[in-house]
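# A closer look at the structure
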Amino acid sequence: MKRLKAFVADADLKEILHKGSQAIVFRLSGIVLSYLFTTMVSRNYGIKTWGTIALAYTVIQLISRFSRLGLDRAALKLISEQRELKENEAIGNTYTKALSILLPSTIVAGVLLALFFEITGTRFSDQLYAYRWPLGFSIPIFSLLYLNIWGLRALKKIKEYILLENTSIFLFSIAFLLVYQQVEWQQNISIIAFFSAIAITCVLSFILWMKYGKFSLSVKHGVSSRALFKLAIPLLITSSLYLLMGQIDTLMIAAYIGEEEVGVYNIFVKVVRFTAIAVTGVESIFLPKISKFYVNKNWKGLERMALKSNLLVTGATVVMALLLLLCTKPILNFFGADSHLLFATMNTFYWLLAARFMHAILGNSPFILNMTDHQKVMTKIALVATLSNVVLNALLIPKIGIEGAAIASLVSLLVFNLSAVVLVKRIHNIKTSILQKLLTR
């Protein structure tokens, strides 16, 4: 009983529970809206059309991640530390400096992406070719959105962060789709609705940043470009490899099989993501707190908070996974006439569910390494995990289809997270996973 009281009385834990619960509500609403938009598209336009949107989203995420050069992640770390030290003017300078480099870089990337489709034609995807310029324009728009999202996260504006990252795009996609259904267009209005939603979400993110953050017209007295890139490039490599590790399966399914299979696989990914509600809620609060413990060199405090947050995440993930297993059939039937395609590949769903559970139970070690100036170590881990993912996808997808992609995701995720757990223990002498603590008693 005393241990339970001490556990609940922890001030940092109370903040995680309070603000994390708010984040979970927004996350849950985002998942529901995501399911709703997916269902509207798959029921009215087919799973293949949803596969095209999922493929477009993957391309936007990957190109945007590379072209924003890690500046959004660097801004998160710097702004978190500046907020902790109450250096308000420095926050504005950091944001402006990152923005001044990010915009030209991402505009060039967007134009090159559109030109790539101009040159290659319909060989990669006929529907993406038809929307190559909206796809290209989405790169700088999506990049600015994420600079604002991570900036708000650094300022601990968790509701706004979750709203923008998990809810707004699908909320606006549904709204635009309903509006466009009243207009007689020859284009695929579900794809146009998705691009429109990204643009309006970016506008909203900028309004929120101007309300809560800082914007400086001068970058002379802020962080130097050299210092910013010194921090940003390792974060860029690590985060890009991590995203590639999570998204390469979609690209390789499209290359080896087709957009319909991409749609089936992405629906499974979305359904399984239901179990990640607690992960998102807790990580939203825990990530900025790493800077607080790091600045004060409070390693025991960091270990205590990492273990407590991991216990919350693991328990909640188990409950969510059990609920999902009990309701799998009605959930999959919800996606319409093409749902038979889902039931034909149920092993894929189980592998993805196992991957999500292992991600929850292995803790926040990758974030701790990134936020405590060990980005180069994380880069090496991410590179090994990504290469293993690519190799396994190339070997397994041609033989067993999308189930092979799910197995590859599980294995590469284990390589990534287990390596991080071991290194955090070796570097900082702290444990971050309840499983690790139980096994080493």
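Before going into details, it helps to say that this report is about the structure given with it. Predicted model, so just to flag it, every value in this text is computed and none were measured.

## Describing unusual backbone geometry
The phi dihedral of N429 is positive, around 55°, even though this residue is not glycine. Take N429: it is sitting in the loop between helix 19 (402-428) and helix 20 (434-439). Note on N429: relative accessible area 47%, which makes it partly exposed.

## A short note on the packing of aromatic side chains
For the structure on display, the rule yields 13 aromatic pairs. Seen in terms of ring centroids, F349 and Y350 are 5.5 Å apart; in terms of plane orientation they differ by 65°. Their pairing is edge-to-face. Each member of the aromatic cluster is reached from another via a ring pair, and the members are F37, W50, Y57, F142, Y146, F170, F194 and F195.

## Digging into the environment of T106
The topology assignment puts T106 in helix 5 (residues 88-120). Put simply, T106 and F66 are 40 residues apart on the chain and 8.8 Å apart in space, counted from C-alpha to C-alpha. The contacts of T106, once residues within four sequence positions are left out, are S67, R68, I139, P140 and S143. Polar contacts involving the side chain of T106 include one to the main-chain carbonyl oxygen of L103, which spans 3.1 Å.

## Looking at the nonpolar core
Counting residues in hydrophobic clusters, the biggest one holds 98 residues, and the most contacted among them are F37 and F194. Setting aside its immediate chain neighbours within four residues, F194 contacts F37, I53, Y57, I60, I169 and S173. Counting 19 residues, the second-largest nonpolar core is a separate cluster that includes M371, I381, A385 and I430.

## Examining helix 3 (residues 47-67)
Given a rise of 1.5 Å per residue, 21 residues ought to cover 30 Å, and the 30 Å separating the end C-alpha atoms of helix 3 matches this to within 8%. The first or second residue beyond helix 3 is L69, which carries a positive phi of 60°.

Conventions adopted
- Residues numbered from 1 in each chain as written.
- Predicted model: local features only at pLDDT ≥ 70, side-chain atom pairs only at ≥ 80, totals over all residues.
- Heavy atoms only, no water.
- Helix = DSSP H or I, 4+ residues; strand = E, 2+ residues; numbered from the N terminus.
- Buried < 20%, exposed > 50% of the residue type's maximum accessible area, 1.4 Å probe, protein only.
- Phe/Tyr/Trp six-rings, centres within 6.5 Å; stacked < 30°, edge-to-face > 60°.
- Contact = heavy atoms within 4.5 Å.
- Polar contact = N/O pair within 3.5 Å; in protein donor to acceptor, adjacent residues only side chain to side chain.
- Core = buried A, V, L, I, M, F, W, Y, C linked by side-chain atoms within 4.5 Å.
- Expected span 1.5 Å × (residues − 1).

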